[in-house]
Amino acid sequence: MVSFRRTVFLPLVLGVPLLCLLSIVNAEDPYHFFEWHVTYGTISPLGVPQQGILINGQFPGPEINCTSNNNIVVNVFNEIDEPLLLTWAGIQLRKNSWQDGTPATMCPILPGHNYTYQFQVKDQIGSYIYFPTTTLHRASGGIGMLKVHSRPLIPVPFDNPAEDHAILLGDWYNKGHKTLKRILDSGRSIGKPDGIQINGKSNKVGDVAVEPLITMEAGKTYRLRVCNVGMRLSVNFRIQDHAMKLVEMEGSHTVQNEYDSMDIHVGQCMSILVTADQSPKDYYFVASSRFFKQVITSVATIRYANGNGPASRQIPLPPPENSVGIAWSINQFRSFRWNLTASAARPNPQGSYHYGKINITRTIKLSNSRQVVDGKLRFAVNGVSHVDGETPLKLAEYYGKADQVFKYDLVKDEAEQGEKVVVAPSVKNATFRNFVEIIFENHEKTIQTWHLDGYSFFAVAIEPGTWTPEKRQNYNLLDAVSRHTIQVYPNSWAAIMTTLDNAGMWNLRSDMKERAYLGQQFYFSVVSPALSLRDEYNLPAKQELCGIVKDLPMLALYT
């Protein structure tokens, strides 16, 4: 029997997994309480039984359904044999990087222990994912969706759908996270994935007796929230004979264009509306890899209620590959626009946040690279390959011991040619409330996806070639989508703009897990000079301490 040391901020009613156990409505926004047990269990995403990571016995894990400004309390019991952390990708955790679930901000939940995450989905709506950040756990599961709905009195720019479905898809490895970790630790790449899973399953055209992904009624419209939770591959998805209307992307309502197929890159989420307007029978939801030597395809069945007939074996073709496919995908990116007329949670409502008129105070150019260091594979950002240590970097900084754990600003604002790769914890100083421009340059032959914790940013441009200041004339400075991920195509660049107004320590990382694990990430340290609770919360009173701060007294630095 596993013994647990309980760490609970607020009372929990035990024994009812997954479901919201209680809502409190008073002067604060409502609270939602969840209790999650993280265990191993047998799963078969590609038809091959393997050890997976389950939450409350589920893969994918339970959904969190909440409303803008709700407070979320998740008591996580770690019942696997390794330390564990979960992150809430895209949830900005205003003033509260203590709950971000990255190795630089929190001590891990040890086996047989539990930790209670508590955070607010402040001024946000949309579709997000959670997943483990520790080692290669994400390769075995522990993933799920977090849906943030608009408040009832806030109009949404489309009619309520008949149903709202989560679709978590992405590449998958049959080896399991422990084997993949050993491969990376030995200095090798984990290689190509074994297939693509869709909500924990993989089917081929013609498979019989397949449980449907969704059952639709003729004439009704459905919302599908699609997220790429894979390890490395971009994916294109499409639905036989059905148009897809894009309505939301990573927390922003979009201009409602229709598409026959959509590219979705690792870590990204989007919402589409699909209307059941075809002959009542089965249709295939198709997902296939992009920008990869071998095209990997998986299908799921969308079934019409009272339909008659199997799906056609003639599935819709994917977009082109190579340079033509990259141009196709860039053009699709350029078609994504922020819906400025929609009411929603945003910095300033009704589209009055004119980011294109704000003066840029700092430009940061980041270049990813593949390296061999001491005979082992590493990935770097501007010549620095990040490693995690025993002491979370945020805790070291908070206790005034940063100089014992890491050096600031190893990553320069621009890559320096010819320098030897530095393997070390990587933290970059940033000025509170500065408006910054970040340029991602990809000189490699593989596509990249980047994610920034703690913020949304305006994805203003993606182009082939090399960035120069003159390229700013091509930026979308009016209605770029506000989001938290950006893809960078081979031999291309991407530009984002954001205000660093969320104090804390925030991870900027490759969303390709192999690359992040082997160093393609760093942290922004954003400190408010006022040291005020107005800008950042103090270290939570029940927070675990570890590393060189393990036995130090709890501090409350901010007033």
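All values derive from a computational prediction rather than experimental measurement.

Our focus in this paragraph is the sheet that holds strand E20 (residues 297–304). With mixed pairing, the five strands of this open sheet are ordered in space as E11-E20-E19-E13-E17. Two strands in the sheet have a free side with no partner beyond their single neighbour: strand E11 (214–216) and strand E17 (261–264). Sheet twist, expressed as the mean angle between neighbouring strand axes with direction ignored, is 25°. The pairing of E11 with E20 spans three bridges and is classified as parallel. Along E20, the bridge assignment pairs isoleucine 214 with isoleucine 302. Against the sheet, helix H2 (residues 322–335) makes contact with strand E13 (234–239), E17 and strand E19 (282–290), and its axis sits at roughly 95° relative to E17, the strand it touches most.

It is worth spelling out unusual backbone geometry at this point. Of note, the amide linkage connecting phenylalanine 59 to proline 60 takes the cis form, showing an omega dihedral of -10°. Position of proline 60 relative to the elements: it lies in the loop between strand E2 (50–55) and strand E3 (64–67). For asparagine 306, which is not glycine, the phi torsion reads 60° and is therefore positive. Within the element layout of this structure, asparagine 306 appears in the loop between E20 and H2.

So, about the state of the cysteines. Applying the stated rule across the entire model yields two disulfides. A disulfide bridge connects cysteine 107 with cysteine 546, and the sulfur atoms are separated by 2.1 Å. Between cysteine 107 and cysteine 546, the S-S torsion sits near -95°, and that sign places the bridge as left-handed. Residue cysteine 107 is located in the loop between strand E5 (86–89) and strand E6 (114–120), and its partner cysteine 546 is located in the segment after strand E34 (521–527); the two are separated by 439 residues in the primary sequence.

Remark on secondary structure: sheet strands pair via backbone hydrogen bonds, oriented parallel or antiparallel. One open sheet accounts for six strands, arranged E24-E26-E34-E33-E28-E31; its pairing is mixed. The open sheet has two free edges, formed respectively by strand E24 (407–408) and strand E31 (485–488), since each of these has just one partner strand. As defined by bridge partners, E24 adjoins strand E26 (residues 426–431) across two bridges and the pair is classed as parallel. Paired with lysine 407 across the two strands is serine 426, which belongs to E26.

The next point concerns the confidence of the model for the protein. Predicted confidence across the protein gives a mean pLDDT of 93, with 93% of residues reaching 70 or more. Throughout residues 1–26 the model reports pLDDT below 50, and contacts reaching past four residues in sequence, or to other chains, amount to 64 contacts. Between residues 348–352, whose pLDDT stays under 50, and residues either more than four places distant or in other chains, the model counts six contacts.

Reading the values: rules and limits
Residues numbered from 1 in each chain as written. Predicted model: local features only at pLDDT ≥ 70, side-chain atom pairs only at ≥ 80, totals over all residues. Heavy atoms only, no water. Pairing = 2+ DSSP bridges. Helix = DSSP H or I, 4+ residues; strand = E, 2+ residues; numbered from the N terminus. Axes fitted to C-alpha atoms, helices over the stretch in contact; angles between N-to-C directions. Contact = heavy atoms within 4.5 Å. Disulfide = S-S within 2.5 Å. pLDDT = per-residue confidence, 0-100.

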